[in-house]
Amino acid sequence: MNDLFKEFDPLKDKMLRILDENGILNEQLAPALPDGKVPDFLRWMLLARAADQKALNLQRQGRMGTYASLLGQEAIQLGSAAAMGADDWFFPSYRELLVCIYRGLPLSNVYLYWMGNEIGSRIPEGVNMFPFSVPVGSQILHAVGAAWAAKLQKRKIVVAVYFGDGATSEGDFHEGLNFAGVLRAPVVFICQNNQYAISVPLRRQTAAATIAQKAVAYGFEGIRVDGNDVFACYAATKAAFDKARAGGGPTLIEAVTYRLGAHTTSDDPLRYRDDSEVEQWRASDPLTRLEKYLRARQLINDNFVAEAKAEADARVEQAVTEAEAVEPPAPPDLFQYMFKEMPASLKEQLASLTELFPLKENKRG
Amino acid sequence: MNLVEAVNSALREEMERDDRVMVLGEDVGRAGGVFRATEGLQKLFGEDRVVDTPLAESGIVGTAIGLALFGMRPVAEIQFMGFIYPAFDQIISHAGRMRNRSRGRFSVPLVIRAPYGGGIHAPEHHSESTEAIFAHTPGIKVVIPSNPYDAKGLLISAIRDPDPVVFLEPKRLYRAIKAEVPDGDYEVPIGNAAVAREGEQVTLIAWGSMVPIASDAADALAEEGIDVELIDVRTVTPLDSETIIESVKKTGRVVVVHEAPKTCGFGAEIIAMINERAFLSLSAPPQRVTGFDIVFPLLKSEHLYLPSVERISAAVRRVMEF
Ligand SMILES: Cc1ncc(C[n+]2csc(CCOP(=O)(O)OP(=O)(O)O)c2C)c(N)n1
């Protein structure tokens, strides 16, 4: 397993790629996946794409707040999520819609959150994830702490944490990797290097040739993978998880990908990047690549794709309906979760608010 | 021009006037800032003076302190006030102490600009108003304009100020109001509150994004026959207590409005100061209208959090009827 990390030492300018842009698989490197599982990967990616597009539409129609699209980043999100064990946990940033829904978060929760409805923030029991983290990079330390706890408790679980290339500039990234190295914590750092932090390109974030090589300075393995190749993403994450589970400590995965859309719905990428660059990356679309492979192997046909799309659309519509049916929280909901027991001072403040908004409270009984 | 254009204009003119002035932060260059406050500046002044930094607030403010110590006049942008906390260590541990620590030999003529406050349906962590934390930090000035004219004049003053200034911009007002703003040089001095509206019966005190709401409340109350004097604090620290005390002595009644949570909000400081200096002029206990001691809610609930004309009017009636 660790051979993969030796073989793809980032200091030797290597990047793991298993499925190329024409859908040709490198059989030697291909991870052991039953044929039946791979079409499922495409199904999930199509679902994410439909869910993403819907969110963008809802935002434009004023039915959703600011939204951060994952367009183009489906392969690393799915590949990494699929490589986790059932009991493993992850800490997302704000862009990991596909990781979240693959790992069991209802899509309607994701929608509710971006719609600005607090009720969406509650992660159901049994879904092993922590809330979205908006302050860039801050969740990295939490993952290290959680992995450290798992190690102290001798639980055989691994913790993954997602962040962008911009996050690698924050102090928290460096502190997190340093702690993880020192503690040999069972944590997998997954950097989705989508080339931009809002308008700032990678070369303005770091003078290093790769992000993966930063692991070396902290005393553990890093690996650079083609982030648009779901097989490479799966294989590297699986190896990192297996290594961590066996007591081998942390790994940093740099998934080289591209943000095809805007940073969020509030951003206009035309100000800082050329369409030609976007077009070039579009040719490397992770969905097209996987579809080519599956078709060549005759694992799917037109019917499959049409059905998967229809099914995705139906699930998305269902999630929107569910999310829009949820009433925004009444004043007590906003106060209730500050402390386990509401202190008298907050009760007073709440009372003054419910005087002003009695209707809202009545509605909920 | 509107408030964000006024900020842009102050930056541009100060950069033209003084080549030590530079702008640094996340997305300030190519993109012109996420609110377009630095729009066009990189084209005019180049990449060395309008710098897209790595995404690292402690890095931005910490290096800006070094730049300032070595003779530059850095204006650092923190994209949203909710993301200033990684830089807090640098602000509190170094920017605010350097003059004192070096017994006056070194100073940090640094401006840290940040959009603050809610009301624009932004995501989590994008709507906080935590000016009180900075006001509580020795050695830092905290300035919060409420209109385009003041924004330009105060920012020019802040850039020329020999000490570190945290300059908070009410983002819900960036494009909400237009006003006459002169081209060219003028200063609105730091440390001076403004009497935004003269009145006899009650003093309403506000700053930043709460000033237009307080002003609407004053209009509404005028119709009920209540004559409100509105003070725009403009500089939270150092506070212009004179203007406030003078007004309180005249009206004998006070309501302070702020968006930040109630507990240890800056309203408490103002009321304490009034109690110390004008207790015998008071005809009613001073009141606060504030945000609540809760995490700023997501967009569907932010109207429940933010002080409104109704809440302000109710508080004013309370002090009138006391
Ligand atoms: C500490 C902090 N500073 C600034 C921001 C504003 N902001 C939100 S996302 C972002 C860029 C993040 O880029 P990257 O880490 O590469 O992740 P990506 O969004 O590209 O997935 C910035 C500057 C923030 N959320 N948190």
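Please read all numbers here as calculations on a predicted model, not as lab measurements.

What counts, and where the lines are drawn
Residues numbered from 1 in each chain as written. Chains lettered and ligands numbered in written order. Predicted model: local features only at pLDDT ≥ 70, side-chain atom pairs only at ≥ 80, totals over all residues. Heavy atoms only, no water. Helix = DSSP H or I, 4+ residues; strand = E, 2+ residues; numbered from the N terminus. Rg over C-alpha atoms; globule rule 2.2 N^0.38 Å. Buried < 20%, exposed > 50% of the residue type's maximum accessible area, 1.4 Å probe, protein only. Contact = heavy atoms within 4.5 Å. Buried area = accessible area lost by both parts, 1.4 Å probe. Salt bridge = Lys/Arg side-chain N within 4 Å of Asp/Glu carboxyl O. Core = buried A, V, L, I, M, F, W, Y, C linked by side-chain atoms within 4.5 Å. Phe/Tyr/Trp six-rings, centres within 6.5 Å; stacked < 30°, edge-to-face > 60°. Lys NZ or Arg CZ within 6 Å of the ring centre and 35° of its normal. Polar contact = N/O pair within 3.5 Å; in protein donor to acceptor, adjacent residues only side chain to side chain. Pairing = 2+ DSSP bridges. Axes fitted to C-alpha atoms, helices over the stretch in contact; angles between N-to-C directions. UniProt positions renumbered as here; feature names shortened; annotations may be inferred. Parallel < 35°, antiparallel > 145°, perpendicular 65-115°, else oblique. Left-handed = near helix turned anticlockwise from the far one by under 90°. Nonpolar A, V, L, I, M, F, W, Y, C, P; charged D, E, K, R; others polar. Near = heavy atom within 4 Å. Areas by Shrake-Rupley, 256 points an atom, 1.4 Å probe, with all protein chains shown as cover. pLDDT = per-residue confidence, 0-100. Domains from an automatic or database assignment.

A. Local environment of the overall build of chain A. Counting its secondary structure elements, chain A contains 15 helices and 7 strands. Taking 21 Å as the expected radius of gyration for a compact globule of 365 residues, we find that chain A reaches 21 Å, a close match to that expectation. Projected onto its principal axes, the C-alpha positions of chain A cover 70 × 50 × 40 Å. Scored against the burial criterion, the 365 residues of chain A give a buried share of 57%.

B. Examining the interface of chain B and chain A more closely. Counting residues at the interface gives 37 residues for chain B, matched by 38 residues for chain A. Summed over both sides, the interface between chain B and chain A buries roughly 3,200 Å², with carbon and sulfur atoms accounting for 60% of that surface. The interface formed by chain B and chain A includes 1 salt bridge. For B:Glu39, the salt bridge goes to A:Arg271, with nearest N and O atoms at 3.1 Å.

C. Structural context of the nonpolar core. With 121 residues, the main nonpolar core has A:Leu16, A:Tyr111, A:Phe231 and A:Leu290 as its most contacted residues. With 13 residues, helix 2 (residues 37-60) of chain A is the largest single contributor of residues to this core. Leave out the neighbours within four places in its chain, and A:Leu290 touches A:Leu19, A:Val38, A:Phe41, A:Leu42, A:Met45, A:Val230 and A:Phe231. With 47 residues, the next largest nonpolar core counts B:Ile65, B:Ala68, B:Ile140 and B:Ala193 among its residues.

D. Summary view of the packing of aromatic side chains. On inspection of all chains with the given rule, the structure shows 24 aromatic pairs over all chains. Seen from their ring centres, B:Phe35 and B:Tyr174 are 5.1 Å apart, and the 50° between their planes marks the pair as tilted. Within this pair, whereas B:Phe35 is found in the loop between strand 1 (21-25) and helix 2 (41-45), its partner B:Tyr174 is found in the loop between strand 6 (165-170) and strand 7 (194-197), the two being separated by 139 residues in sequence. Every member of this aromatic cluster is reached through a ring pair, and the members are A:Tyr67, A:Tyr113, A:Trp114 and A:Phe132. The ring of A:Phe5 has A:Lys243 sitting right over it, with the charged end atom 5.2 Å from the ring centre.

E. Highlighting the side chain of A:Asn193. Residue and element names in this part refer to chain A. Mapped onto the fold, Asn193 is located in strand 3 (residues 187-193). By relative accessible area, which is 0% here, Asn193 ends up buried. Within the local environment of Asn193, its side chain forms a polar contact with the backbone nitrogen of Gln195, the two atoms lying 3.0 Å apart. In this structure the side chain of Asn193 is engaged in a polar contact, spanning 2.9 Å, whose partner is the side chain of Glu254. Excluding residues within four positions of it along the chain, Asn193 makes contact with Asp165, Leu202, Ile211, Glu254, Ala255, Val256, Thr257 and Tyr258.

F. Quick peek at the sheet that holds strand 7 of chain B. Residue and element names in this part refer to chain B. A sheet is described by the order of its strands in space; here 5 strands give the open sequence 7-9-8-11-12, paired in mixed fashion. Strands with a single pairing partner mark the edges of an open sheet, and in this sheet they are strand 7 and strand 12 (287-289). With strand direction ignored, the average angle separating the axes of adjacent strands in the sheet is 25°. The sheet contact formed by strand 8 (residues 202-206) and strand 9 (residues 228-232) spans 5 bridges and is parallel. Paired with Leu204 across the strands is Leu230, a residue of strand 9.

G. Local environment of the environment of A:Val256. All names here are of chain A. Along the chain, the position of Val256 falls in strand 7 (residues 251-256). Here the alpha-carbon distance between Val256 and Asp274, two residues 18 residues apart in the chain, equals 19 Å. In this structure, Val256 is in contact with Met15, Asn193, Gln195, Arg224, Val225, Asp226, Gly227, Asn228 and Trp281, ignoring residues within four places of it in sequence.

H. Just the UniProt feature "domain: Dehydrogenase E1 component" (unreviewed entry) in chain A, in detail. Mapped onto the present numbering, the UniProt feature "domain: Dehydrogenase E1 component" (unreviewed entry) falls at residues 43-330 of chain A. Within residues 43-330 of chain A, the helical portion is 46% and the strand portion 11%, while the C-alpha atoms at the span's ends are 38 Å from each other.

I. Representation of the packing of helix 2 of chain A against helix 3 (residues 74-83) of chain A. Residue and element names in this part refer to chain A. With their axes 10 Å apart at the nearest point, helix 2 and helix 3 run at an angle of 130° to one another. Looking at the two axes, helix 2 sits oblique to helix 3. You can see that helix 2 and helix 3 cross each other, and the crossing is right-handed. Listed contacts from helix 3 to Phe41, Trp44, Met45, Ala48 and Arg49 of helix 2 are Glu74, Ala75, Leu78 and Ala82. Here the residues of the contact of helix 2 with helix 3 sort into 7 nonpolar, no polar and 2 charged.

J. The arrangement of the site of the ligand in detail. The immediate surroundings of the ligand are formed by 20 residues, with A:Tyr94, A:Arg95, A:Gly166, B:Glu57 and B:Gln79 found nearest. One of the backbone N or O atoms of A:Gly166 is found 2.7 Å from an oxygen atom in the ligand. In the environment of the ligand, a nitrogen atom lies 3.5 Å from a nitrogen or oxygen atom belonging to the side chain of B:Gln79. Out of a free accessible area of 580 Å², the ligand has 95% covered by protein chains.

K. The pattern of salt bridges, seen in detail. All names here are of chain A. In this structure the tally under the stated criterion is 35 salt bridges over all chains. Among the salt bridges present, the one from Asp285 reaches Arg49, with a minimum N-O distance of 2.7 Å. In this pair, Asp285 sits in the loop between helix 10 (275-282) and helix 11 (286-296) while Arg49 sits in helix 2, placing the two residues 236 residues apart along the sequence. Neither Asp285 nor Arg49 differs from the other in exposure class; each is buried.

L. A look at the confidence of the model for chain B. Chain-level statistics for chain B give a pLDDT mean of 98 and a share of 100% at 70 or above. Across the whole predicted complex the pTM is 0.97, and at the interface the ipTM reaches 0.96.

M. Molecular detail of the domain arrangement of chain A. For chain A, the assigned domains read domain 1 (4-329) and domain 2 (331-364). Taking only C-alpha atoms, the centre of domain 1 of chain A and the centre of domain 2 of chain A are 38 Å apart.

N. Examining the domain arrangement of chain B more closely. Residue and element names in this part refer to chain B. On domain assignment, one finds that chain B holds domain 1 (3-173) and domain 2 (194-321). Each partner contributes to the interface: domain 1 provides 26 residues, whereas domain 2 provides 25 residues. A buried area of about 2,000 Å², summed over both sides, lies between domain 1 and domain 2, and 56% of it is on carbon and sulfur atoms. Here domain 1 and domain 2 share 1 salt bridge between them. In this structure, Arg234 engages Asp150 in a salt bridge whose closest nitrogen and oxygen atoms are separated by 3.2 Å. Across the domain 1-domain 2 interface, the total number found is 10 residue pairs in polar contact (both at pLDDT 80 or more). Those elements that provide at least two residues to the side of domain 1 that touches domain 2 are helix 6 (131-135), strand 5 (141-143) and helix 7 (148-160). When its residues are assigned to classes, the side of domain 1 that touches domain 2 shows 12 nonpolar, 8 polar and 6 charged.

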